[in-house]
Amino acid sequence: MATTDTPATAGTPAEPRHGLRMFLIWFILALAADLVIWFVWYPHIPPGRMSNSAMHQQFDITVLALSAAPVIIAVILYFVYAIVVWRVRPGDDSDGAPIYGNTKVQASWIVGTTLIVLWLFVFGTVELVVPHGAGAGEGPSPIWTPAGLTSAIWTPGGNKVLQVQVIGQQWTWTYRYPQFGGMESTELMLPVNTEVTFHVTSLDVIHSFWAYQLGVKADANPQVDNVAFTTPQALGSFVVRCSELCGIWHGAMFNYGLVEPQTAFQSWASGVQAKEQSDGVLAALPPFALTYDPTVIPQLGKTLTTVIGITGAPGYFYGPANPVQP
Amino acid sequence: MAIETQPDRAEPAGSGPETGGPGGVTRPWWLRPGAHFGVIGAAIGYLLGHLLGDFVGGDFSRSALSDTNDVAIVLGYAGGTIGWLAGLGVFNDPFRLMLGKALADEGRLHGTEEPGLGKYFRYTLDHKVVGIQYLYGMIAYFLTGGLFAMAIRSELLSPTYHLIGPEQYLMVVGEHGTMMMMMMSSVILGPFGQYFGPLLIGSKRVAFPRLEALGFWLTPAAYVILLSAFLFGGFPTGWTGYEPLATQATEGMNAYFFAFGLMGISMILAGFNMIVTVINYRAPGMRWSRLPMFVWSMFTVSFLQVLAVPVLVGACYMGLMDRTFQTAFFTNQLGGSSFLYENLFWFFGHPEVYILALPGFGVISEVVSVFCRKPLFGYRIAAAGMLGVGILSFFVWQHHLFMSGINADMRPLFMLTTELISIPTGFIFLVGMGTFWKAKIRFSIPMLFALAFYFNFLIGGITGVFVSDVPADTTVHGSFFVMAHFHYTIMGGLMFAFMAGIYYWLPKMTGYKLNETLGKIQFWTMFIFFNSTFLPLFALGLLGMPRRVFEYARNLETLNDWVSISSFLLGGSILIFLINFVMSMLFWREREVGNPWRSRSLEWQLPTPPPPQNFERVPVILSGPYDYGIPNALPVADLNPPPGVIGGAYAETSGVEA
């Protein structure tokens, strides 16, 4: 491609230096936008700072916005400038200058975009690895794990990891605490300042466990253990939603969780454990397993339900009493 | 260099039963194969297929919930499709060849054209007719999908269930997504690609006109089958069709898989035809370095179609097997894998979004050059950008699965490949911006749409960076943020490019131009209300609203109402387009047969409408299509070259290709 012109420096005396003008306007606007993003927007960017993973996501989104704003402003500014300055004047029937390309401009564009991309990649990877997967589902055998100790019993204090198994089904969530005798609860209670390991799985179709304020999201696949980590840092309630389409009541598949002080959490959890123990529920629950199958309960020495045609094609999977899938 | 080498295969008139040429025996229109026979054939085929399905599958796959069974429905769809094609006469020529008979006479091969509107309802070998068929088809599919979007937004006016129930809501969501993503995949490739592809490369025909026509005639079948899901209660999976929800769903799911598979076949056929046409049917002198950017985009997209779509067809087939013959490809409990479906679907699904986006780049590049009155800046980098996007699009599919637990350790790699795509996509912006430098910008309606395209695609592209970044994606995955992102690239990018293409090319396709005042009103309302609809969705997503829900947190109601009202107004702007289109084509009929844009491109050098064989003689291409501003540039082609001359006999061009 022949180089016929050098746009950035091609100003004849009569013609203003477009490149310099644009750069100055861009610099002021971009600086202003980035200052606003950092000082005004940053503290309010979702998902907030309730956990360490949420905090990292908030920081990550902010840094991406800081990188993106100058690019957006540059492109829009260029087009607005071009529209204003190079629009055709009435009566002008001529063509523009035959510029076929410019090696310098093209090369610097390529280098520039490549540098931005590499920066985004390095930054994103660091933000993924440092907070142990950033709250995202890491599959059955995560490699970026927190340092805490996993023991059979969880007690307040120390550096112990709380394990929570999250079981999705149409259209509700069940939480299972293996360190409390495998008791199950429909409400998600978590102790503050404790590393939590979520083992997310599903009984039927694909769901996605999204604890919004905690910045945790992991798909719940049947027969798959999807692990995600977070450390709640503030007390309060948070929303748990399903974020993968799972059938007609997908929109209604949400509930609320609570981050409590460690001792309050322990007394709640032990209380539920004792109650389920005395009610005989715990004995009837299936043992903790990474893939959870409620139809098989070996403690009772039998299989609870008979599943006919598990592929569900003939409509047997749920039986006529259950809500009909469209 | 490709020259017309196809021998004139038509036998003497009268040999085939549907001879339509001059001097032949012409049957009345209703006795010749066409859409009316197709409908009859489809009805018969469906009944036969359904009976067969009841016979072979009635014992083991009859639903407990309804008195139908999946095998019967799937075989009914298959029979209906075959009947439809048979009624259209798709199989006539293959059977004639098998029986050793001469092929039916196709008037176009003699340079005659069938008069009247009948040809638009027939299986025809003229790529220009196929282009018009695609145009009307795509507008119909787009309007259908748009009405579903209105229904979705109506339900979302309130944070609780108030208008349509959750079942109906999910049906409508699935139909909207599937209609837009699958039926609309050819929205530019179909009308403009088929019509102008051969014209732009100086060819008299496409390589495989029968495959091309078959590609179109599969789309009405897919459309009807997709809509037939409503009769069986719809499908609950949205356009992604995730397993095992799809296996659990009732009979409407068959429509999704079958229709998507049919569209897949249509895309493969169209892509195959386009690749061979562009490689082999370029006129002498139409070097790769002179290929219009729109042809480059179609060429790239055709490779995506041929390489990516078979994976989808396979996935649809396996999904149907799971539903009908009780295989377990995707059922984890029986040794299958729901991850397998996700991988297969997105291995197709990501190239698919570039199948949608790249033709938009092509149209915009053509429009920008003409209305800036400047050569395209960085022609090679523009072509490289298209190819780069096309190649990279095969290596990014797992960014849809960052939260799924598949290959979690590979996420940095997929983050890198995804972000790398922004480099070739950036080329498209560089080309646009460079072309605007010191241009003489004319604000015609296509140019307005092109400018809006750059704005919308910029927002869509930059927000794509947030989605590609795993920590940020943990918040926005599966939320309205993602939904807003891809609506900005597809609705804001592709549909604005489609509108630019319509206003730019319709005078060439029909000989009538669209009303400019209405066009300007349409542009401004569409641009303003598009942004007003989709910009707040980014905020909604960040605030925690997942996709495809019919209820949401009460504090999001104000924003949602704003979005809904904007979307109705956006629908109003599409209505203005429709009024403009109908009135301009049927009633006002303002003739425009010249070259209103003073474009150098080859298609505008032809008479309007183009003759049946496109070119009297195969043209010789003399210079590139974008040589604006050169004082005495050669014309783009010699449309009536002396006999025996091919490209080399002409002098070199005006120093463009130094």
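Residues numbered from 1 in each chain as written. Chains lettered and ligands numbered in written order. Predicted model: local features only at pLDDT ≥ 70, side-chain atom pairs only at ≥ 80, totals over all residues. Heavy atoms only, no water.

1. So, the overall build of chain A
Of regular secondary structure, chain A possesses five helices and twelve strands. Classification of the 326 residues of chain A by burial places 50% in the buried group. Here the contacts in chain A between residues at least 6 apart in sequence split such that 66% fall between residues at least 24 apart. Taken as a whole, chain A presents about 13,800 Å² of accessible surface, with 67% of it coming from carbon and sulfur. (Helix = DSSP H or I, 4+ residues; strand = E, 2+ residues; numbered from the N terminus. Buried < 20%, exposed > 50% of the residue type's maximum accessible area, 1.4 Å probe, protein only. Contact = heavy atoms within 4.5 Å. Areas by Shrake-Rupley, 256 points an atom, 1.4 Å probe, with all protein chains shown as cover.)

2. Examining the sheet that holds strand β7 (residues 216-220) of chain A
Sheets are built from strands paired through backbone hydrogen bonds, the pairs being either parallel or antiparallel. Residue and element names in this part refer to chain A. Strand order in the open sheet formed by five strands is β4-β10-β9-β6-β7, with mixed pairing between adjacent strands. Of all strands in the sheet, those bounded by a partner on one side alone are β4 (188-191) and β7. Averaged over all pairs of adjacent strands, the angle between their axes in this sheet comes to 20°, without regard to strand direction. (Pairing = 2+ DSSP bridges. Axes fitted to C-alpha atoms, helices over the stretch in contact; angles between N-to-C directions.)

3. Points about the domain arrangement of chain A
Interfaces are often sized by the accessible area lost when the parts come together. All names here are of chain A. For chain A, the domain assignment lists domain 1 (18-88 + 105-129) and domain 2 (162-284). With ten residues of domain 1 at the interface, the matching set in domain 2 holds 16 residues. For the interface between domain 1 and domain 2, the tally reads zero salt bridges. At the boundary of domain 1 with domain 2, the tally comes to eight residue pairs in polar contact (both at pLDDT 80 or more). Classifying every residue of the side of domain 1 that touches domain 2 gives five nonpolar, four polar and one charged. (Domains from an automatic or database assignment. Salt bridge = Lys/Arg side-chain N within 4 Å of Asp/Glu carboxyl O. Polar contact = N/O pair within 3.5 Å; in protein donor to acceptor, adjacent residues only side chain to side chain. Nonpolar A, V, L, I, M, F, W, Y, C, P; charged D, E, K, R; others polar.)

4. As for the interface of chain B and chain A
In this assembly, 110 residues from chain B lie in contact with 106 residues from chain A. A combined buried area of about 9,100 Å² lies between chain B and chain A, and 68% of that area is made up of carbon and sulfur atoms. When residues of chain B are sorted by the area they lose upon contact with chain A, Gln-248, Trp-437 and Lys-438 of chain B head the list and together hold 9% of the total. Across the contact surface, chain B and chain A share five salt bridges. The partner of Lys-440 of chain B in a salt bridge is Asp-92 of chain A, and the shortest N-O contact between them spans 3.0 Å. Our enumeration of links across chain B and chain A arrives at 30 residue pairs in polar contact (both at pLDDT 80 or more). For the side of chain B that touches chain A, the leading source of residues is helix α14 (residues 422-436) of chain B, giving nine residues. Tallied by class, residues from the side of chain B that touches chain A come to 59 nonpolar, 28 polar and 23 charged. (Buried area = accessible area lost by both parts, 1.4 Å probe.)

5. Points about unusual backbone geometry
For residues other than glycine, phi is negative in most cases, and the peptide bonds are mostly trans. With an omega of -5°, the peptide bond running from Gln-170 of chain A to Trp-171 of chain A counts as cis. As for its position among the elements, Trp-171 of chain A is in the loop between β1 (162-169) and β2 (172-177). You will see that Asn-614 of chain B, though not glycine, has its phi angle at about 70°, which is positive. Along the chain, Asn-614 of chain B turns up in the loop between α19 (557-588) and β1 (620-621).

6. A closer look at the sheet that holds β1 of chain A
Residue and element names in this part refer to chain A. Pairing is mixed across the open sheet formed by five strands, whose spatial order is β3-β2-β1-β5-β8. Bordering the open sheet on either side are β3 (183-185) and β8 (226-230), each of which pairs with just one other strand. Neighbour to neighbour, the strand axes of the sheet diverge by 25° on average, direction disregarded. The sheet contact formed by strand β5 (residues 196-202) and β8 spans five bridges and is antiparallel. Following the sheet pairing, Val-196 is matched in β8 by Thr-230. Contacting β1, β2 and β3, helix α4 (residues 262-279) runs over the sheet at an angle of about 110° to β3.

7. Overview of the confidence of the model for chain A
All names here are of chain A. On average, residues of chain A score 83 in pLDDT, and 83% of them reach the 70 mark or higher. Within chain A, the lowest mean pLDDT, 49, falls on strand β12 (residues 302-303), and the highest, 95, falls on helix α1 (residues 18-41). The model gives residues 1-12 a pLDDT under 50, and that stretch makes 24 contacts with residues more than four places away or in other chains. Predicted confidence is poor over residues 302-326, with pLDDT under 50, and the contacts of this stretch with residues over four places away or in other chains come to 64 contacts. (pLDDT = per-residue confidence, 0-100.)

8. Concerning a nonpolar patch on the surface
Side chains of Leu-20, Phe-23, Leu-24, Phe-27, Ile-28, Leu-31, Leu-35, Val-36, Trp-38, Phe-39, Val-40 and Trp-41 of chain A sit close together on the surface and give an oily, nonpolar patch of about 1,200 Å² of accessible area. Looking at the element boundaries, Phe-27 of chain A is found in helix α1. (Patch = residues over 30% accessible without salt bridge, like charges linked within 9 Å, V, L, I, M, F, W, Y side chains within 5 Å.)

9. Digging into the packing of aromatic side chains
Inspection of the entire model under this criterion finds 83 aromatic pairs over all chains. Their ring planes at 5° and their centres at 5.7 Å tell us that Phe-208 of chain B and Phe-272 of chain B sit as a pair that is stacked. Of this pair, Phe-208 of chain B sits in the loop between α6 (189-200) and α7 (209-228) while Phe-272 of chain B sits in helix α9 (residues 252-280), and the two are 64 residues apart along the sequence. Accessibility expressed as a relative area gives 31% for Phe-208 of chain B, which makes it partly exposed. By relative accessible area, which is 40% here, Phe-272 of chain B ends up partly exposed. Ring centres of Tyr-504 of chain B and Trp-505 of chain B lie 5.3 Å apart, and the angle between their planes is 55°; on these two criteria the pair is classed as tilted. The ring of Tyr-42 of chain A is capped by Arg-49 of chain A, whose NZ or CZ atom sits 5.2 Å from the centre of that ring. (Phe/Tyr/Trp six-rings, centres within 6.5 Å; stacked < 30°, edge-to-face > 60°. Lys NZ or Arg CZ within 6 Å of the ring centre and 35° of its normal.)

10. Let's talk about the pattern of salt bridges
All names here are of chain B. As enumerated under the stated definition, the model contains 14 salt bridges over all chains in all. Between Arg-210 and Asp-93 there is a salt bridge, and its shortest N-O distance comes to 2.9 Å. A residue pair is termed long-range when its members are at least 10 positions apart, and Arg-210 in helix α7 and Asp-93 in helix α3 (residues 92-98) qualify at 117 residues. Residue Arg-210 is classed as partly exposed on the basis of its relative accessible area, which comes to 24%. A salt bridge links Lys-513 to Glu-592; its shortest N-O distance comes to 3.9 Å. Taken as a pair, Lys-513 in the loop between α17 (480-510) and α18 (516-542) and Glu-592 in the loop between α19 and β1 lie far apart in primary sequence, 79 residues in all.

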